[in-house]
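Residues per chain, in single letters:
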Amino acid sequence: MIAIEVTYFGILSEKRGLTHENIFTAVADASGLFAQVFGVDNAALRGVVRAVVNDEIVSWDCVLRDGDQVAFLPPMSGG
């Protein structure tokens, strides 16, 4: 098990009901963490979300390590 600090933005924050949490997990990568948090039936949602690990945009197969900071970024718009 590893400890991951996770931050959510926009619609993901609304879906999760919070903006930040600490998760203890056995998943290996960002994709697995997203599936754990949002459910495996949210693959379409993952298609438009970016994973950020330790302030760097990463691919979904990025290996997670104990103490990593992960953020999931949905598409944003603004004006």
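Attention here is on the structure that accompanies the text. As the structure is a computational prediction, the values presented were derived from the model and not from experiment. (Residues numbered from 1 in each chain as written. Predicted model: local features only at pLDDT ≥ 70, side-chain atom pairs only at ≥ 80, totals over all residues. Heavy atoms only, no water.)

**Quick word on the overall build of the protein**
Threshold: Every helix listed is a DSSP run of H or I at least four residues long, and every strand listed is a run of E at least two residues long, numbered separately from the N terminus. Throughout this description, buried means an accessible area under 20% of the type-specific maximum (1.4 Å probe, protein chains only), exposed means over 50%, and partly exposed covers the range between. Contacts were defined at the residue level, with two residues in contact if any of their heavy atoms lie within 4.5 Å. Every accessible area reported is derived by Shrake-Rupley at a probe size of 1.4 Å, with residue values counting cover from the shown protein chains alone.
Across its full length, the protein holds three helices and five strands. Starting at the N terminus and walking to the C terminus, you meet the elements of the protein as β-α-β-α-α-β-β-β. The C-alpha extent of the protein, read off along each of the three principal axes, is 40 × 25 × 25 Å. Looking at the protein as a whole, 37% of its 79 residues are labelled buried. Considering only intrachain contacts with a sequence separation of at least 6, the fraction spanning at least 24 residues in the protein is 49%. When the accessible surface of the protein is totalled, it reaches about 4,700 Å², and 52% of it is carbon and sulfur.

**Brief notes about the nonpolar core**
Operational definition: As used here, the term nonpolar core means buried Ala, Val, Leu, Ile, Met, Phe, Trp, Tyr and Cys residues forming a set that is joined through side-chain atoms within 4.5 Å.
If you look at the biggest cluster of nonpolar residues, it comprises 21 residues, and the most contacted ones within it are Tyr8, Leu33 and Phe72. Looking at this core, the elements with two or more residues in it are β1 (2–8), α2 (30–38), β3 (50–53) and β5 (69–73).

**Concerning the pattern of salt bridges**
What counts is decided by this rule: Think of a salt bridge as a Lys or Arg side-chain nitrogen and an Asp or Glu carboxyl oxygen that are within 4 Å of each other.
Counting across every chain of the model gives one salt bridge. With a shortest N-O distance of 2.7 Å, Glu21 and Arg16 are connected by a salt bridge.

**So, the sheet that holds β1**
Quick reminder of the rule: Paired strands, in this sense, are two strands between which DSSP finds at least two bridges. To define axes, lines are fitted to C-alpha atoms, for helices over the stretch in contact only, and angles between the resulting N-to-C directions are given on a 0 to 180 degree scale.
Taken in spatial order, the five strands make up an open sheet running β2-β1-β5-β3-β4, and their pairing is mixed. Each of the sheet's edge strands pairs with one partner strand only, and the pair in question is β2 (20–25) and β4 (56–58). Going from strand to strand, the sheet's axes swing by 35° on average, the running direction of each strand aside. Across six bridges, the pairing between β1 and β2 is antiparallel. Looking at β2, one finds that Ala3 is bridged to Phe24. Running at roughly 110° to β2, α2 makes contact with β1, β2, β3 and β5 of the sheet.

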